[in-house]
Amino acid sequence: MKEDMHSVEQVAEQLGLHVRTVRGYIRSGRLRAVRIGKQYRITAGDLDALTGQAPAATRVSGHAEVSSIVQVDGVDRAAADRLGTLVLAGANTGHDQAHPLRVQTVHDEERHRLKIIILGDPAATAELLHLLDAVLNADNGLLDREVPHA
C-alpha cells in the first residue's frame, strides 16, 4: 500500500508553520523525512506522529459490534422453529445493510432449550433483544405447548 508523501512546503502550509521551522524539525529528528535528491519528503504517517494523531490504519472506525447469546428454556422443536423464524425475520428487517445482524439458533431437544446467538451493531442488537423479550413475555401462544421434563 502506497502512502502519501508531502513536501516540506506542503507540511509547512498544513501546519501553519514556516518552511525553515519544518526543516528544523527534520534536522533535529522531531519529524521523520526521506531525502530524495535535494528535497525532503514526509509521509502522512510521520506527519500524524508529529501532530499526535493516530496513523490512519489504527484510527477507530466508529463501528462497534455486540455478541449476545440468549437461552430460552422449555422450548420444543415446533416452538424453537417459530421463535427462530421470528428472530431471523427481525434481524433481516430495517437494519443498516452495511452492518447486517447475524443470527444463529441452536435447539437442544434433549434439554428443551433454544440458544439464539446474535452478532451485530449495538442498536440493532438491542432492538432485536427487545423484540425477543416482548415475544417471550407476551401471552401470544408462541411457547404455550407443554414440554415434558426429563
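Going by the structure above, here's the rest.
Enquirer: Can you break down the nonpolar core residue by residue, with the values?
Expert: Among the nonpolar cores identified, the biggest contains 17 residues, and L83, V103, L114, I116 and L128 are the most heavily contacted of them. Listed by contribution, the elements that provide at least two residues to this core are strand 4 (66-73), helix 4 (77-91), strand 6 (113-120) and helix 5 (122-137). In terms of residue count, the dominant contributor to this core is helix 4 (5 residues). With 10 residues, the next largest nonpolar core counts V8, V11, Y25 and I26 among its residues.

Enquirer: I'd like a rundown of the sheet that holds strand 4, residues and numbers included.
Expert: Taken together, 3 strands build an open sheet; the order of strands is 4-6-5 and the sheet is antiparallel. Strands with a single pairing partner mark the edges of an open sheet, and in this sheet they are strand 4 and strand 5 (102-108). The average undirected angle you get between the axes of adjacent strands in this sheet is 15°. Sheet analysis places strand 5 next to strand 6, joined by 7 bridges and oriented antiparallel. Bridging across to strand 6, T105 finds its partner in I116. Docked against the sheet, helix 4 engages strand 4, strand 5 and strand 6, running at close to 175° with respect to strand 5. Sitting on the sheet, helix 5 is in contact with strand 4, strand 5 and strand 6, with an inclination near 10° to strand 4.

Enquirer: Pulling in residues and values, what's your account of the sheet that holds strand 3 (residues 39-43)?
Expert: If you walk across this open sheet you meet the 3 strands as 1-3-2, and the pairing is antiparallel. Because the sheet does not close on itself, it has two edges, and the strands there are strand 1 (5-7) and strand 2 (34-36). Across the sheet, the axes of successive neighbouring strands diverge by a mean angle of 40°, strand direction being ignored. Taken together, the 3 bridges between strand 1 and strand 3 define a ladder with antiparallel strand orientation. Looking at strand 3, one finds that S7 is bridged to R41. Across the sheet, helix 1 (residues 8-15) touches strand 1 and strand 3, and the angle it forms with strand 1 is around 85°.

Enquirer: Please give an account of the environment of E65 that cites residues and values.
Expert: Along the polypeptide, E65 turns up in the loop between helix 3 (44-51) and strand 4. Taking relative accessible area as the criterion, E65 reaches 44% and is therefore assigned partly exposed. Placed 34 residues apart in sequence, E65 and H99 show a C-alpha to C-alpha distance of 9.1 Å. Beyond its immediate chain neighbours, meaning those up to four positions away, E65 contacts R102, L119 and G120. Separated by 2.8 Å, the side chains of E65 and R102 make a polar contact.

Enquirer: A description of the packing of aromatic side chains should follow, citing residues and the corresponding values.
Expert: Scanning the model with the defined rule gives 0 aromatic pairs in all. In this structure, R35 packs its charged tip against the face of Y40, placed 5.2 Å from the ring centre.

Enquirer: Before we move on, could you go through the side chain of D76 and cite the residues and values that matter?
Expert: Topologically, D76 is positioned in the loop between strand 4 and helix 4. D76 sits in the buried class, given a relative accessible area of 17%. Of the polar contacts made by the side chain of D76, one reaches the backbone nitrogen of A79; its length is 2.8 Å.

Enquirer: If you had to explain unusual backbone geometry to someone new, which residues and values would you point to?
Expert: Backbone geometry places H112, a non-glycine residue, at a positive phi of 55°. With respect to the element layout, H112 can be found in the loop between strand 5 and strand 6. Classification of H112 by relative accessible area gives buried; the value is 17%.

Cut-offs and rules
- Residues numbered from 1 in each chain as written.
- Predicted model: local features only at pLDDT ≥ 70, side-chain atom pairs only at ≥ 80, totals over all residues.
- Heavy atoms only, no water.
- Core = buried A, V, L, I, M, F, W, Y, C linked by side-chain atoms within 4.5 Å.
- Buried < 20%, exposed > 50% of the residue type's maximum accessible area, 1.4 Å probe, protein only.
- Helix = DSSP H or I, 4+ residues; strand = E, 2+ residues; numbered from the N terminus.
- Pairing = 2+ DSSP bridges.
- Axes fitted to C-alpha atoms, helices over the stretch in contact; angles between N-to-C directions.
- Contact = heavy atoms within 4.5 Å.
- Polar contact = N/O pair within 3.5 Å; in protein donor to acceptor, adjacent residues only side chain to side chain.
- Phe/Tyr/Trp six-rings, centres within 6.5 Å; stacked < 30°, edge-to-face > 60°.
- Lys NZ or Arg CZ within 6 Å of the ring centre and 35° of its normal.

This is a description of form; function is not addressed.
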